[in-house]
Amino acid sequence: MKRKNVFILVGLLVLVIAVVWYFSSSSGTESNSILVKAKTGKFIIDVTTTGELEARNSEEIRGPNPVGLRNARIWQLRIEDIVPDGTVVDSGQWVATLDRSDLENKIKDQELEVEKLQTQHLQTQLDTSMTMRAARDELVNLKYSLEEKKIVMDQSIYEPPATQRQAKLDYEKTQRTYKQAVKNYRLKYEKAKADMQEVSTNLAKARRRLNEFRDLMKEFTVTAPKAGMVTYKKSWSGKKQGVGAQISVWDNVVATLPDLSSMNSKTYVNEIDISKVAVGQKAEISVDAFPGKKFTGEVISVANMGEQMQNSNAKVFEVIIHVDGYDSILRPSMTTKNRIITEVIDSALYVPIECVYSNDSVNFVYKKSYKQQVIPGKSNENDIIILKGLKDGDEVYLEPPPEAEKWKIHYLGDETVTPPGGMEIEETGEEFEETPETYPAPEEEIKSTAGSSPATYYIIVGSFAGMKEAQKMVTRLNDKGFSGAGTLQSGTNVRVYAGKYQDIDSATQAKQKLIKKYRGAWIYKEKTN
């Protein structure tokens, strides 16, 4: 008796475990196979990016005059000290100090150059003074000599003719020498004047250069041009230029004073999505620092040329979005999430993008117990438009249920529709499945019965999205004896028929034979004139 009770208890325990396992596995399967409904409504296509706030307008705080730096042959400047990023300053207040070591060395060299030129100027001045004094003394002496020769010539009238002639020649010779000395004196004077002008010019130039260097030195102390919040400038790599950073003579901006009343979000869009973005599109902007805050904006600039981001092979395009309105919480360099609205469709049928699958260029969704072919349209990050294949309220699986890969697919051509060209579908099937049995081909043509309307009836055994796959099936049918097989174009689909008939009775009889071989075969009725 006790043993019997033990067996009963063991049996009950096994039964309980089996029941628990069944319901737990069922619930797990159900949780993994979530059904969602196709919805109809407004569909927003967008491009989402991450950006950074920057002022639309800003005042640049510049370093020393670039012309003065080039004259001093200084090409790079190091920031020796600067106020913390975000400091509020008044107009004229100290902002930064630049390294003066290079300029100080140049000033010392220039001071030595000035001293050298001053010495040269004094030496030239003394040399020219001595030269001119000697030239003037020579003129005076020659003038005295000329007067003496004239007296001798005047007194020679009482001498013999030869003596008179000699006196006259001496006077003329001395007179010619005097005139030559006067000309030489003028030339020496002009030369001395030019020499003095040259050394004076060099000295003035050196002094002016020295004064420029000294004035330039004052500019190495950088002050704010107006009141505002100091924002560090960023280098090409995106790093802020603080203490120790280098600035170039060609771009001597030390920092900026942004206008916080008007902000932009600077972002980059990858080359795949850039074709969707255009100037004038609206945007929704959120700031990571204040998750509850939302702002609107508008795309004001889209780069024509792409660029490569640092440490990445991806090509991106710079996009500037203007933030509407003003809010005191917005600050430069804040990280933003930008949702650029590229297109708004007022009414569209859509499902989550995870619901749509693809196999051999055929897109489909998982419905209850079968796959349904669909034609997808445009998509956004979360959803995708279904142009054909579903209707509002249809339930589809978010993920394939177990064993779903074995489900048959329903093609779009399987539904009862009225295709273009006057065709009408008399009867529909569910599947296009070929069985291994072989049946003789139906007759090509049978005369229509009395009183029936002129028409041609086709036994449809397949439907494809492209002509290539349809022709393959026609070839298989021909190989199996269906010499009358062919294709019919219906919209975007290509239907394959096994035979055609001129009356419905013959077509129906042929279909009954084929239904065993091609489950889901059905009849097209094409009106004829």
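Remember, it's a predicted structure, so these values are computed and weren't measured experimentally.

K.L.:
So, the overall build of the chain: which residues are in play, and what are the values?
P.N.:
Across its full length, the chain holds six helices and 31 strands. The buried share of the chain, taken over its 529 residues, is 37%. Excluding contacts between residues fewer than 6 apart, the proportion of contacts in the chain whose partners are at least 24 apart in sequence is 77%.

K.L.:
Before we move on, can you summarise the sheet that holds strand 24 (residues 409-410) with the specific residues and values?
P.N.:
Read from one edge to the other, the open sheet built from four strands follows the order 18-19-20-24, with strand pairing classed as mixed. Unpaired on one side and paired on the other, strand 18 (357-359) and strand 24 mark the two borders of the sheet. Pairing of strand 18 with strand 19 (residues 362-367) involves three bridges; the strand directions are antiparallel. Paired with Asn-359 across the two strands is Val-362, which belongs to strand 19.

K.L.:
Explain the pattern of salt bridges to me, using residue names and the numbers behind them.
P.N.:
What the rule picks out here adds up to 21 salt bridges. Across the pair Glu-52 and Lys-234 runs a salt bridge whose closest N-O atoms are separated by 2.3 Å. Taken together, the residues span a long stretch of sequence, with Glu-52 in strand 2 (residues 39-55) and Lys-234 in the loop between strand 9 (231-232) and strand 10 (246-248) at a distance of 182 residues. Residue Lys-234 is classed as partly exposed on the basis of its relative accessible area, which comes to 28%. The salt bridge partner of Asp-273 is Lys-276, with a shortest N-O separation of 3.6 Å. Classification of Asp-273 as buried rests on a relative accessible area of 19%. When its relative accessible area of 36% is taken as the criterion, Lys-276 is described as partly exposed. Look at the salt bridges and you will find they share partners, linking Asp-46, Glu-284 and Arg-339 into a network.

K.L.:
Requested: an account of the packing of aromatic side chains, with residues and values cited.
P.N.:
Enumeration according to the criterion identifies nine aromatic pairs in this entry. Aromatic pair Tyr-357 and Tyr-366: ring centres 5.2 Å apart, planes at 70°, arrangement edge-to-face. Ring geometry for Tyr-366 and Trp-407: centres 6.2 Å apart, planes at 70°, overall edge-to-face. Of this pair, Tyr-366 sits in strand 19 while Trp-407 sits in the loop between strand 23 (395-397) and strand 24, and the two are 41 residues apart along the sequence. When its relative accessible area of 1% is taken as the criterion, Tyr-366 is described as buried. One aromatic cluster is present, built from ring pairs that chain together Tyr-357, Phe-364, Tyr-366, Tyr-397 and Trp-407.

K.L.:
A description of the sheet that holds strand 9 should follow, citing residues and the corresponding values.
P.N.:
Pairing in this open sheet of three strands is antiparallel, and the strands run 3-11-9 from one edge to the other. The sheet is open, and its two borders are formed by strand 3 (58-62) and strand 9, each paired with just one other strand. Here strand 9 runs beside strand 11 (residues 253-258); their pairing, made up of two bridges, is antiparallel. Opposite Thr-231, over in strand 11, you have Thr-256 as the bridge partner.

K.L.:
Provide a residue-level description of the packing of helix 3 (residues 101-155) against helix 4 (residues 161-218), including the pertinent values.
P.N.:
The geometry of helix 3 relative to helix 4 is characterised by a closest axis approach of 8 Å and an angle of 165° between their N-to-C directions. Our classification of the angle between helix 3 and helix 4 gives roughly antiparallel. Between helix 3 and helix 4 the crossing geometry is left-handed. Here the contact of helix 3 with helix 4 is composed, by residue class, of 27 nonpolar, 14 polar and 15 charged.

K.L.:
I'd like a description of the environment of Gly-68, backed by residues and values.
P.N.:
Looking at the element boundaries, Gly-68 is found in helix 2 (residues 66-71). Between the C-alpha atom of Gly-68 and that of Val-249, which follows or precedes it by 181 residues, the distance is 9.5 Å.

K.L.:
Quick one: what's the story with the pairing of strand 29 (residues 493-501), residue by residue and with numbers?
P.N.:
Counting buried positions along strand 29 yields eight of nine residues, so the element is predominantly enclosed. Relative to strand 29, strand 27 (residues 455-464) runs antiparallel, the two being bridged by six bridges. Bridging from a neighbouring strand, Ser-463 pairs with Arg-495 of strand 29. Strand direction decides the pairing type here: strand 28 (residues 486-490) and strand 29, joined by five bridges, are antiparallel. Paired with Gly-486 across the two strands is Tyr-497, which belongs to strand 29.

K.L.:
Go over the nonpolar core with me, naming the residues and quoting the values.
P.N.:
Among the nonpolar cores identified, the biggest contains 33 residues, and Val-95, Leu-98, Leu-103, Val-230 and Val-254 are the most heavily contacted of them. Counting only elements with at least two residues in this core, the list comes to strand 4 (76-82), strand 6 (94-98), helix 3, helix 4 and strand 11. Among all residues touching Leu-103, those that are not within four sequence positions of it are Ala-72, Ile-74, Phe-213, Leu-216, Met-217 and Phe-220. Counting 21 residues, the second largest nonpolar core, distinct from the first, contains Leu-53, Val-269, Leu-330 and Ile-340.

K.L.:
Describe in detail the environment of Val-269, supporting the description with residues and values.
P.N.:
As for its position among the elements, Val-269 is in strand 12 (residues 263-270). Separated by 220 residues in sequence, Val-269 and Thr-49 place their C-alpha atoms 6.7 Å apart. In contact with Val-269, other than residues within four places in its own chain, are Val-47, Thr-49, Ile-274, Val-277, Lys-315, Val-316, Phe-317 and Val-319.

K.L.:
Which residues make up a positive patch on the surface, and what are the values?
P.N.:
Positive charge collects at one region of the surface, where Arg-73, Lys-205, Arg-208 and Arg-209 lie side by side. The topology assignment puts Lys-205 in helix 4. Residue class for Lys-205 comes out exposed when judged on its relative accessible area of 54%.

K.L.:
Provide a residue-level description of unusual backbone geometry, including the pertinent values.
P.N.:
One non-glycine residue, Arg-73, lies in the positive phi region at around 60°. For Arg-73, the location among the structural elements is in the loop between helix 2 and strand 4. The backbone of Ser-333 sits at a positive phi, close to 80°, despite the residue not being glycine.

K.L.:
I'd like to hear about the confidence of the model for the chain, residue by residue, with values.
P.N.:
For any part of a model where pLDDT is low, the fine detail of the predicted coordinates should not be relied upon. Confidence in the prediction of the chain, expressed as mean pLDDT, is 81, and 84% of residues score 70 or more. Segment residues 22-31: pLDDT under 50, and one contact once partners within four positions in sequence are set aside and those in other chains are kept. Of the regions scoring below 50 in pLDDT, residues 415-452 engages in 92 contacts with residues more than four places distant in sequence or in other chains.

Calculation notes
- Numbering of residues begins from 1 in every chain and follows the order in which that chain's sequence is written.
- Local features are withheld for residues below a pLDDT of 70 in this predicted model, meaning they are given only at 70 or higher, and side-chain atom pairs are given and counted only at 80 or more; totals for whole chains, interfaces and linings count all residues.
- To obtain the side-chain values, all non-hydrogen atoms of the structure were included, while hydrogens and water were left out.
- Secondary structure elements are taken from DSSP: a helix is a run of H or I of four residues or more, a strand is a run of E of two residues or more, and numbering for both begins at the N terminus.
- Buried means the residue's accessible area, taken with a 1.4 Å probe over protein chains only, is under 20% of the maximum for its type, while exposed means over 50%, and partly exposed covers the values in between.
- We call two residues contacting when some pair of their heavy atoms lies within 4.5 Å.
- When DSSP finds two or more bridges between two strands, those strands count as paired.
- Each reported salt bridge corresponds to a side-chain nitrogen of Lys or Arg within 4 Å of a carboxyl oxygen of Asp or Glu.
- Between 30 and 60 degrees the pair is tilted, below 30 it is stacked and above 60 it is edge-to-face, where a pair is any two Phe, Tyr or Trp rings, Trp via its six-membered ring, whose centres lie within 6.5 Å.
- Axes, fitted as lines to C-alpha atoms, cover a helix only where it is in contact. Angles between the N-to-C directions of the axes lie from 0 to 180 degrees.
- An angle counts as roughly parallel when it lies under 35 degrees, as roughly antiparallel when it exceeds 145, as roughly perpendicular when it falls between 65 and 115, and as oblique in every other case.
- Here is the rule for handedness: rotate from the far helix to the near one, and if that takes an anticlockwise turn smaller than a right angle the crossing is left-handed, while a clockwise turn gives right-handed.
- Each residue is assigned to one class: nonpolar for Ala, Val, Leu, Ile, Met, Phe, Trp, Tyr, Cys and Pro, charged for Asp, Glu, Lys and Arg, and polar for all the others, Gly among them.
- Nonpolar core, defined: a set of buried Ala, Val, Leu, Ile, Met, Phe, Trp, Tyr and Cys residues in which side-chain atoms within 4.5 Å join the residues together.
- For patches, a residue must show more than 30% relative accessible area and have no salt bridge; joins then use 9 Å for like charges and 5 Å for nonpolar side chains, namely Val, Leu, Ile, Met, Phe, Trp and Tyr.
- What sets the accessible areas is the Shrake-Rupley method with a 1.4 Å probe; for residues, cover comes only from the shown protein chains.
- We score Asp and Glu as negative and Lys and Arg as positive, and we do not count His or the chain ends.
- By convention, the charge on Lys lies at NZ, on Arg at CZ, on Asp at CG and on Glu at CD.
- Here pLDDT means the predictor's own confidence in every residue, given as a number from 0 to 100.

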